[in-house]
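# Geometric and topological summary
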Amino acid sequence: MGRKTANVIASVIYEKPAMAVDTHVFRVAARIGLTVNAKTPLAAEKQLTKYLPEAVIHKAHHWLILHGRYICIARKPKCEMCGITGICKYFKKTHAASV
Ligand code: SF4
């Protein structure tokens, strides 16, 4: 069993503070700035589990996946309808002149 699958089981079934990092979580976390210069899923996982409150880690995987699927879409993020523009690194960078 791979690490990602093991973390999904740990977080979903047992609600352990484990973070499964797939390509979507990896991309969205980096874009928002929740991870910095993480080169691998394991590096991203370590950063996310270090800085997110332990009580929410088992849910955060789903938050990031759903956010990436419906709002922070890979090709064209829907920043105009996003609720976390105030903390988003990408938003600050791309909207610097208008904020
Ligand atoms: S502000 Fe834009 S880039 Fe940042 S998380 Fe929201 S949708 Fe994604």
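Sequence positions are assigned chain by chain, starting from 1 and proceeding in written order. Only residues with pLDDT of at least 70 get local features here, since the model is predicted, and only at 80 or more are side-chain atom pairs given and counted; chain-wide, interface and lining totals rely on the full set of residues. As a convention, hydrogens and water are excluded, and side-chain values are obtained from all of the structure's heavy atoms.

Quick look at the environment of Tyr 51 now. Within the fold, Tyr 51 resides in helix H3 (residues 41–51). Note on Tyr 51: relative accessible area 60%, which makes it exposed. Counting along the chain gives 22 residues from Tyr 51 to Ile 73, while the straight-line C-alpha distance between them is 24 Å. Secondary structure elements follow DSSP: runs of H or I of four or more residues count as helices, runs of E of two or more count as strands, with numbering from the N terminus. Throughout, exposure labels follow a simple rule: accessible area from a 1.4 Å probe, protein chains only, divided by the maximum for the residue type, with under 20% read as buried, over 50% as exposed, and the rest as partly exposed.

Below, the discussion takes up the site of the ligand. Contacts to the ligand come from 14 residues, most closely from Cys 72, Cys 79, Cys 82, Cys 88 and Tyr 90. Among the elements of the structure, helix H2 (23–32) and helix H5 (89–94) are those that each provide at least two residues to the shell around the ligand. Think of it as three bins: nonpolar holds Ala, Val, Leu, Ile, Met, Phe, Trp, Tyr, Cys and Pro, charged holds Asp, Glu, Lys and Arg, and polar takes everything else, Gly as well. Looking at side-chain class alone, the shell around the ligand contains ten nonpolar, two polar and two charged residues. When we say a residue is near a molecule or strand, we mean one of its heavy atoms is within 4 Å of it.

To continue, consider the pattern of salt bridges. Throughout this description, the term salt bridge denotes a Lys or Arg side-chain nitrogen within 4 Å of a carboxyl oxygen of Asp or Glu. This model, assessed by the stated rule, comprises one salt bridge. When the shortest N-O distance is used, the salt bridge between Arg 3 and Glu 45 registers 2.7 Å. Within this pair, whereas Arg 3 is found in helix H1 (residues 3–12), its partner Glu 45 is found in helix H3, the two being separated by 42 residues in sequence. Assessed through its relative accessible area of 9%, Glu 45 is described here as buried.

As a further point, take H2. Spacing of three or four residues puts side chains on the same side of an α-helix, whose turn is 3.6 residues. Of the residues making up H2, those classed as buried are Val 25, Val 28, Ala 29, Arg 31 and Ile 32. In a view along the axis of H2, the buried residues occupy a sector of 165°, so they form one face of it. Note on contacts: a residue pair is in contact if any heavy atoms of the two residues lie within 4.5 Å. Where H2 is buried, its residues contact H3, helix H4 (54–70) and H5. Polar contacts, as used here, are pairs of N or O atoms within 3.5 Å; protein pairs need one atom able to donate a hydrogen and one able to accept it. Residues neighboring in sequence count only if both atoms are side-chain atoms. At the N-terminal boundary of H2, the capping side chain belongs to Asp 22, with an oxygen 3.1 Å from the backbone nitrogen of His 24. Where H2 ends, the next residue or the one after it, Gly 33, has phi of about 105°, a positive value. By arc we mean the arc of the directions from the helix axis to the C-beta atoms, nothing more.

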